[in-house]
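Coordinate inspection notes
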Amino acid sequence: MSSLVILVVEDEPGVRDAVIRDLESFEPLFRIEPAEDATDAKAALEECAADGVRVALIVADHLLPGQHGTEFLIEVNQSDEGKHIKKVLLTGQAGHDDTIRAINQAGLDYYVAKPWSGADLISVVSKQLTDYVLEESGDLLPYVSILDGSRLLEAIAERGI
Amino acid sequence: MTATDTKTSESASTRRRVGLGVGLVAFVLPLLIDIPDLSEAGERVLAVFLLAIVLWVTEAIPLYATAALVILLEIVMVSDQAVVGLPDGLAVPEYRTFFNALAHPVLMLFLGGFFLARGSSKYRLDRALAGVLLKPFGDRPAMIMLGLMLITAGFSMFMSNMATTATMIAVVLPVVAKLDPADRLRPALILSIPVAANIGGMGTPVGTPPNAIAVGQLASAGIEVSFAKWMALAVPGVVVLLLVAWWLMGRAFPTVTESIDLGMKADFDRSNAAKIFYVTFAVTVALWLTEAVHGLPSGVTGFLPVVVLLATGLFGAEDLRRVQWDVLWLVAGGIALGVGVAQSGLDEWLVGRVAWENFGSIAIVALLAAVALVLSTVISNSAAANLLVPLGLSMALSPAVDVDPLLAGFFIAIGASLAMALPISTPTNAVAYSTGEVSTRDMARVGLIVGAVGLVVFLLSPLFWSAVGLT
């Protein structure tokens, strides 16, 4: 089974490392790919596409050097492959308008305000990844122990008559 | 199943190549070599049988594909449509005989079971019932576990073992996650559910595919087993084994937790659709249990919920498409194989290989159950039953062997369900293992003991049956 990717887009190395540390518990089945800005993130997305690896989730900061996080997510959402990717904005600096644009145009799935608590981020990411595998994965069993096991098991019970 | 998922694609393709290669050799040999005392038709069915063994064991092609292949090969090799005609003088079955397996009454019985199970999940009858039934068991872990096991077993008599296990573990998992990581109650609660589902599945003809395979092939041989009759044979053993398994697991997994709350509510869906479903469910089960009174075969009754739920619009085309046709076809493949074995005279030849008259009937039945148990531990329970039931019935129907065919079929089905030692043994185990709460070691320990105890419990049950005048 090929692993899925979580893409973390954050320019400050300290913050980026903190996010990656919080998401460590997903690592047996999800590879965490760091990116420091939108350009870097797009390169990572292309690389994943070339390797046939699917990106399940993008956790992006809004205030990035160059293209802003919200614009980046809107661009991703407009591509065929990007539509299915779950998108979380992790930011303290997105204004009212940016936030509205993110929800309406980027298909934003969740907004986490900085500063965040590790437990909250884990539960948000767990929910998003569970949604993703329920929508996109045929075989749910491998994810039961790492994501929301109860929801996955209910789906397993439902899938066959 | 997990077995196929976790293996790398490389080893899967090796397995496929080996399976197909060995299967081809096994298929060709009986056709090339003249086997003394075996008719031409018998040799051809033997070829199909050997191919089926290799393919069902190696899973070189999917189980249901092998089942379909068996039906096709029988039609083109030993029916009146055989490509190379059979020598004159042999009774040749019509090709329809083999297609009929796909619509065998036992498949209709199973289809009814699927519809009831799907409805239970759709209208959350399973959750609500579990909430009601679990209440009297209080909050002590041992009692909760007993309640969970009894309810799981009861559900899995009518629903697929796998769906029941997934549903019940989904209920328990949030509670388990809050327990102390070192508490042995964690693996105990999770493991109790597949164990109970495997045991409960033995209880009715629709409980699990091996039962349907046994009932279906018995029917093809002219022996009708009613729903109630199967239950009467199986349920006493099921109850005893459940209690033994519960007691064993309580001892094997001591806990310090004093009380737990599963937080289950008895929220019954009160919509009209749900009420129609409840009535359909109750009437179907009542008709199944009272076949002796009204005489309607269980397969006909099984078609009733199918018609009612589709006609009332409770179930749509989407639900119909979601029927697990792969499971039904696998059962059909076994039935077709059994028909071929019996019609071609292969059965007499096979039985003639061993001097069975030297064995007691209990020894033969025990052997069948034990072989089914061992085989099902490593391959699919249904595939094992598909291969063993034709052999067991051949034996039991032969005048040289003193075994009741009903018992031969019954014990193969029971043996197949007792295989629960490994995560790959059954989908129920795979579900429990996926939670990460149960180690392979714990699973093997409990599975082996419950399997062995189950074998003893069920082999003793003929004594009980004769005491109450059942057989």
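Residues numbered from 1 in each chain as written. Chains lettered and ligands numbered in written order. Predicted model: local features only at pLDDT ≥ 70, side-chain atom pairs only at ≥ 80, totals over all residues. Heavy atoms only, no water.

Quick look at the overall build of chain B now. Broken down by element type, chain B carries 23 helices and zero strands. Over its C-alpha trace chain B gives a radius of gyration of 23 Å, about what one expects of a compact globule, namely 23 Å for 471 residues. Oriented by its inertia axes, the alpha-carbon framework of chain B measures out at about 75 × 55 × 50 Å. Scored against the burial criterion, the 471 residues of chain B give a buried share of 55%. Looking at chain B alone, contacts between residues at least 24 apart form 77% of all its contacts between residues at least 6 apart. Of the roughly 19,000 Å² that chain B leaves accessible, carbon and sulfur atoms contribute 66%. (Helix = DSSP H or I, 4+ residues; strand = E, 2+ residues; numbered from the N terminus. Rg over C-alpha atoms; globule rule 2.2 N^0.38 Å. Buried < 20%, exposed > 50% of the residue type's maximum accessible area, 1.4 Å probe, protein only. Contact = heavy atoms within 4.5 Å. Areas by Shrake-Rupley, 256 points an atom, 1.4 Å probe, with all protein chains shown as cover.)

Here we come to the interface of chain A and chain B. Chain A puts 14 residues into the contact, and the matching count from chain B is 25 residues. Where chain A abuts chain B, roughly 1,600 Å² becomes buried across the two surfaces, and 59% of that area is made up of carbon and sulfur atoms. For the pair chain A and chain B, the interface holds three salt bridges. Arg127 of chain B serves as the salt-bridge partner of Glu154 of chain A, at 2.6 Å between the closest nitrogen and oxygen. Counting across the chain A and chain B interface gives five residue pairs in polar contact (both at pLDDT 80 or more). (Buried area = accessible area lost by both parts, 1.4 Å probe. Salt bridge = Lys/Arg side-chain N within 4 Å of Asp/Glu carboxyl O. Polar contact = N/O pair within 3.5 Å; in protein donor to acceptor, adjacent residues only side chain to side chain.)

Here we come to the confidence of the model for chain B. In the predicted model, chain B carries a mean pLDDT of 91, and 97% of its residues have values of at least 70. The low-confidence segment residues 1-7 of chain B, where pLDDT is below 50, has 12 contacts with residues more than four positions distant or belonging to other chains. (pLDDT = per-residue confidence, 0-100.)

Below, the discussion takes up the pairing of strand E4 (residues 86-91) of chain A. All names here are of chain A. With six of six residues buried, E4 is to be regarded as a mostly interior element. Burial along E4 is two-sided: Lys86, Val88 and Leu90 facing one way and Lys87, Leu89 and Thr91 facing the other are all buried. As judged from the four bridges shared by strand E3 (residues 55-60) and E4, these two strands associate in the parallel manner. Residue Ala60 lies in a different strand from E4, and its bridge partner there is Leu89. (Pairing = 2+ DSSP bridges.)

Looking now at the packing of aromatic side chains. All names here are of chain B. Per the stated rule, a full pass over the model turns up 15 aromatic pairs over all chains. Their ring planes at 5° and their centres at 4.6 Å tell us that Phe227 and Trp288 sit as a pair that is stacked. Of this pair, Phe227 sits in helix H12 (residues 227-252) while Trp288 sits in helix H13 (residues 272-289), and the two are 61 residues apart along the sequence. Counting every residue linked through ring pairs, the aromatic cluster contains Tyr123, Phe158, Phe227, Phe277, Phe281 and Trp288. (Phe/Tyr/Trp six-rings, centres within 6.5 Å; stacked < 30°, edge-to-face > 60°.)

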